[in-house]
Amino acid sequence: MTGRFPAAAVDAGAVAPPRRRRRALRDVAVGKLPAYALLIPAAVVIGAVLGYPIYYLVRQSFLHYGLHELIFHKGTWVGLDNYTTIFHDSEFWHVVGRTLLFTVVNVALTMALGTLVALLLAQLGSFMRLLLATGLVFVWATPVVVAVAVWQWMVDYQFGVLNWTLTKLHFGDFTNHDWFVNPWTGFAIITALVVWGAIPFVAITLYAGLTQVPRELLDAASSDGASTWRVFWDVTFPLLKPIFVILTSLSIIWDFQVFNQVWLMRGTQPEQDYYVMSIYAYIKSFRVNDYGLGSAIAVVMVATMFLVAFVYIRQMVRLGEVE
Amino acid sequence: MKRRYVAVGLATALAVAAATAAALTSEAAGKPAAAKITVWLHPEAKSWPGAVSAATKAAEAKHSGAQVDVQYVDWGANTLAKLDAALAAGNAPDVVEMGNSETIKYMAAGAFTRLNAGVYPNSKTWLKGLTASCQYNGKLYCVPYYAGARAVIYRTDMYRQAGIKGTPKTLAQFVADGQKLMKKFGKNKNFSAYYHPGKNWYVALSFVEDYGGQVAVRKGGKWRGTLNSPKAIRALTVLKSIVKKLSKASKTTDESHPYPATPMAQGLAASFIGNGWELPMVSDPKWGGAPKFDRLVRAYPMPSHIKGRYLPAFLGGSDLAIPVTSKNKAIARDWIKAFTTTAAERAIAKPGNIANTTKLAGIHKNNPKVAPFAEAAKYSWFIPTSPNWPKVESSLVLQNMMVKILTGRASVKSATTTASKAITSILNSNSS
């Protein structure tokens, strides 16, 4: 989808002159009003499904809201108490650190591997490309719950194919090896699952972008004696930079709020070592019934994401302005 | 031109609003017309379908036009989260089954309707332990349903092949017998003489109780987590060494993922500590069992380290409550009444449970598949009676502690100290 942006921008440029002429004929304000009117339905829907919940979340983060308050729909105002509690909670900072590290590692791996797959797609013959693209789409189409179940079986403690293969290949005795005892190997598996699921989108989008890179530029660079590495960094990468920025911001948004993969992989009972921010907020809200505290954690998450989204949106707007 | 656009936008917005409003009102209007009650039971109730259908029939007969919809929901924290959401939305079930260690949080939050004991069958002879889990500030908020204690479920054929005569009478003998089993069957690296999933905290706390420790004590109105007391540390160290010697079960799963009956049927577990209803699972193909195990699997109370006693069993049980949000409390009450009659309780007790009334005590005496569970209840323990206790369970403090201890990621001392701190802070928190 993102790969179409350059083309879309060109189209917009082509139709611009007639629109400008029309605008000159009429009052600018009159021309804009109908456009705003047409936005109302979408704005109403967004306000209902996004704006209201966020308002509710923020309000709740200032309340003491337990099970009793949940049932009888009345919280008590406690001001910033919930925020003070989480900011003084050493576990919260552990969770934040873990979440940030998880995000950085996952985004880096997703982008690196996704780029490599995209470059491979561009180099392959049409049959192999079709095969690889089909494989990617299958991964993309796999629902998270199904993917987690499959991965869980592969790394199963007793019957998993991973332990069996490693033992057969004489990497040591992996019989009854529990990958989740050590959170580092546990998170390595979760990372593999998340990255595996995220590569198709990045690879296919970048591949679409790659097809837009003029062949002559690449040929000219290599005949000037540039290595493949040089060509990628100095020609391909700058041209596709907007796509890279958008994909990276989207990946950050997705990986920062990963929930399902961790939650389901740990059988809906994650050990403390597996708490990431989304899970911590969920546990505080729905397991411990401290909805106010859970909301405060969620608000911190939303605020962080706003920063990332800001970069993303600014990039989108700039893209529109370039042409 | 401009006006037309505005009109289109406004009309769309109005249509959306109207549709939403219509959806809301039709839902609200639909409820009182059909007097329908919803009942949430745990899946074990499928083992006494006669009692369930009889209760439904009785309630429907008493209230003409009423309908009872019995739904089966799983145990555990996820189900409670679902119940909380339903309570908040005002569409909670009219009758809900709840574990006896979970009720206190809901009673304290005012989630249950106050009940009049006299209305219900056998209320004078209800089990004391269960009745206590239904009382808050001296008032009754639920009806005891049934109780159960855990015992060792074992493969008699494997015990015989390993040359074990009779069942162990002390913990030391239990370990010695386990080592015989490991010698005989241990070639299979997945074999456990005693199958112990790491997160099974019910058994872990039974050890703590057996060695004279406690989860928490209350002094001067304040709770203090005491799992790091010398007695508790000793108990958990003993458990750790037993697990190391005898169990190959995953240290990061709990007692229902998978149910130990499955590895037992596969010959990978010679024994495990479980509830009465887990024994028939070994011979049930639905759980990977085989009918031949019907005569090969039996049970005995887990012996204590003190001769002549049993390892104190967690006195588990279930209660039935009517959430305050119910709109048909009379039907709900009559359904519970019909579901807890002596006849119904007899059916409920049949698969190895303890009936809610002492009238039916001893009905299992001659059934070797059931009697050991009732016997095991002679020595029992229960959770600290704080409205905050369910939070200790659902925030997985004990499970995490056991995983750390059994995997060796932390020493018994440091793991129990961390857990005790968490328990102290949770039990003393003032949120409901």
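Structure: see above.
So, how was this worked out
Residues numbered from 1 in each chain as written. Chains lettered and ligands numbered in written order. Predicted model: local features only at pLDDT ≥ 70, side-chain atom pairs only at ≥ 80, totals over all residues. Pairing = 2+ DSSP bridges. Helix = DSSP H or I, 4+ residues; strand = E, 2+ residues; numbered from the N terminus. Contact = placed C-beta atoms within 7 Å. Axes fitted to C-alpha atoms, helices over the stretch in contact; angles between N-to-C directions. Core = buried A, V, L, I, M, F, W, Y, C linked by C-beta atoms within 7 Å. Buried ≥ 20, exposed ≤ 12 C-beta atoms within 10 Å, placed from the backbone. Domains from an automatic or database assignment.

Peer 1: Before we go on, may I ask you to explain the sheet that holds strand S1 (residues 36–41) of chain B in this structure?
Peer 2: Within a sheet, neighbouring strands are paired by backbone hydrogen bonds and run either parallel or antiparallel to one another. All names here are of chain B. The six strands lie next to each other as S2-S1-S3-S13-S6-S14, forming an open sheet whose pairing is mixed. Lying at the two open borders of the sheet, with one neighbouring strand each, are strand S2 (67–72) and strand S14 (354–355). Where strand S3 (residues 95–99) meets strand S13 (residues 316–321), four bridges bridge the pair, whose relative direction is antiparallel. When the bridges of S13 are listed, Gly99 appears paired with Ser318. Each of S1, S2, S3, strand S6 (142–148) and S13 touches helix H11 (residues 329–339); the most contacted strand, S1, lies at about 45° to it.

Peer 1: Which parts of the structure should I look at to understand unusual backbone geometry?
Peer 2: For residues besides glycine, phi is generally negative; the peptide bonds are generally trans as well. Following His257 of chain B, the chain continues into Pro258 of chain B via a peptide bond in cis, with omega recorded as -5°. Secondary-structure assignment places Pro258 of chain B in the loop between helix H9 (230–246) and helix H10 (261–265). At His73 of chain A, a residue that is not glycine, the phi angle is positive and equals roughly 55°.

Peer 1: Would you mind showing me how to read the interface of chain A and chain B here?
Peer 2: Interface size is commonly expressed as the accessible surface area that is lost when the partners come together. Across the boundary between the two partners, chain A contributes 32 residues, which contact 38 residues of chain B. Breaking the side of chain A that touches chain B down by element, the ones donating at least two residues are helix H2 (28–60), helix H3 (67–72) and helix H13 (277–287) of chain A. Top contributing element to the side of chain A that touches chain B by residue count: H2 of chain A, with eight residues.

Peer 1: Help me understand the nonpolar core in this model?
Peer 2: Inside soluble globular proteins, nonpolar side chains tend to come together where they are buried. The biggest cluster of nonpolar side chains holds 133 residues, and the ones touching the most others in it are Leu236 and Trp335 of chain B. Counting contributing residues, this core receives three or more from each of domain 1 (31–147 + 316–360) and domain 2 (151–314 + 395–428) of chain B. Those residues in contact with Leu236 of chain B that lie beyond four places of it in its chain are Ala204, Phe207, Val208, Ile405, Val412 and Thr416 of chain B. Listed in part, the 48 residues of the second largest apolar core include Ile199, Val258, Val262 and Ile297 of chain A.

Peer 1: What am I meant to see in the sheet that holds strand S11 (residues 297–300) of chain B here?
Peer 2: Residue and element names in this part refer to chain B. Taking strand neighbours across the sheet as the criterion, the three strands line up as S10-S7-S11 in an open arrangement whose pairing is antiparallel. If you trace the sheet from one side to the other, it starts and ends with strand S10 (271–274) and S11, each paired once. Between one strand axis and the next, the sheet turns by 30° as a mean value, whatever way the strands run. Note: strand S7 (residues 151–155) against S10, four bridges, orientation antiparallel.

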